[in-house]
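Architecture and fold: a report
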Amino acid sequence: RTWTEGRCTVIDDSYVHEVWHNGDEKRIVLIVDIWHPELDLERRVESLTDPPVLEMYRSMLKDPKMVLEMQGVPKAIIPDRFISEQDD
């Protein structure tokens, strides 16, 4: 799938994958986590109230490198810095 300017693109990133941006301009990506459509209400509520799961999610948000490594992304292509870490 390719990007089309002016169009929204939704992808399933639950599998290991790589993305490149070879352009000269900044690219901004909005990441939205959503539940799998087949996940029932009970499991959704459980996922929001289970303290160990909640803490794991919070810690993952603080360390994007760890998340990428857990997804199997080779360390050689993981960036040293992320835009949220950079000073403007």
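Our structure's up above, just so we're on the same page.
Here goes a summary of the coordinates provided. Just so we're clear, the structure is a prediction, and the values are computed from it rather than from any experiment.

A grouping of L30, V32 and I34 is seen on the molecular surface, where their side chains present a nonpolar patch of about 390 Å² in accessible area. One can find L30 in the segment before helix 1 (41-49). For L30, a relative accessible area of 75% corresponds to the exposed category.

Two side chains that carry opposite charge are able to pair once their charged atoms sit near each other. Per the stated rule, a full pass over the model turns up one salt bridge. As a salt-bridge pair, E46 and R43 come within 3.5 Å of each other at their nearest N and O atoms. With a gap of three residues between them, E46 and R43 both fall in helix 1, about one helical turn apart.

Let us look at the environment of D12. Assignment of secondary structure puts D12 in the segment before helix 1. Along the chain, D12 and H36 lie 24 residues apart, while their C-alpha atoms are 10.0 Å from each other.

About the cut-offs
Residues numbered from 1 in each chain as written. Predicted model: local features only at pLDDT ≥ 70, side-chain atom pairs only at ≥ 80, totals over all residues. Heavy atoms only, no water. Patch = residues over 30% accessible without salt bridge, like charges linked within 9 Å, V, L, I, M, F, W, Y side chains within 5 Å. Areas by Shrake-Rupley, 256 points an atom, 1.4 Å probe, with all protein chains shown as cover. Salt bridge = Lys/Arg side-chain N within 4 Å of Asp/Glu carboxyl O. Helix = DSSP H or I, 4+ residues; strand = E, 2+ residues; numbered from the N terminus. Buried < 20%, exposed > 50% of the residue type's maximum accessible area, 1.4 Å probe, protein only.

Function cannot be inferred from these measures alone, as they are strictly geometric.
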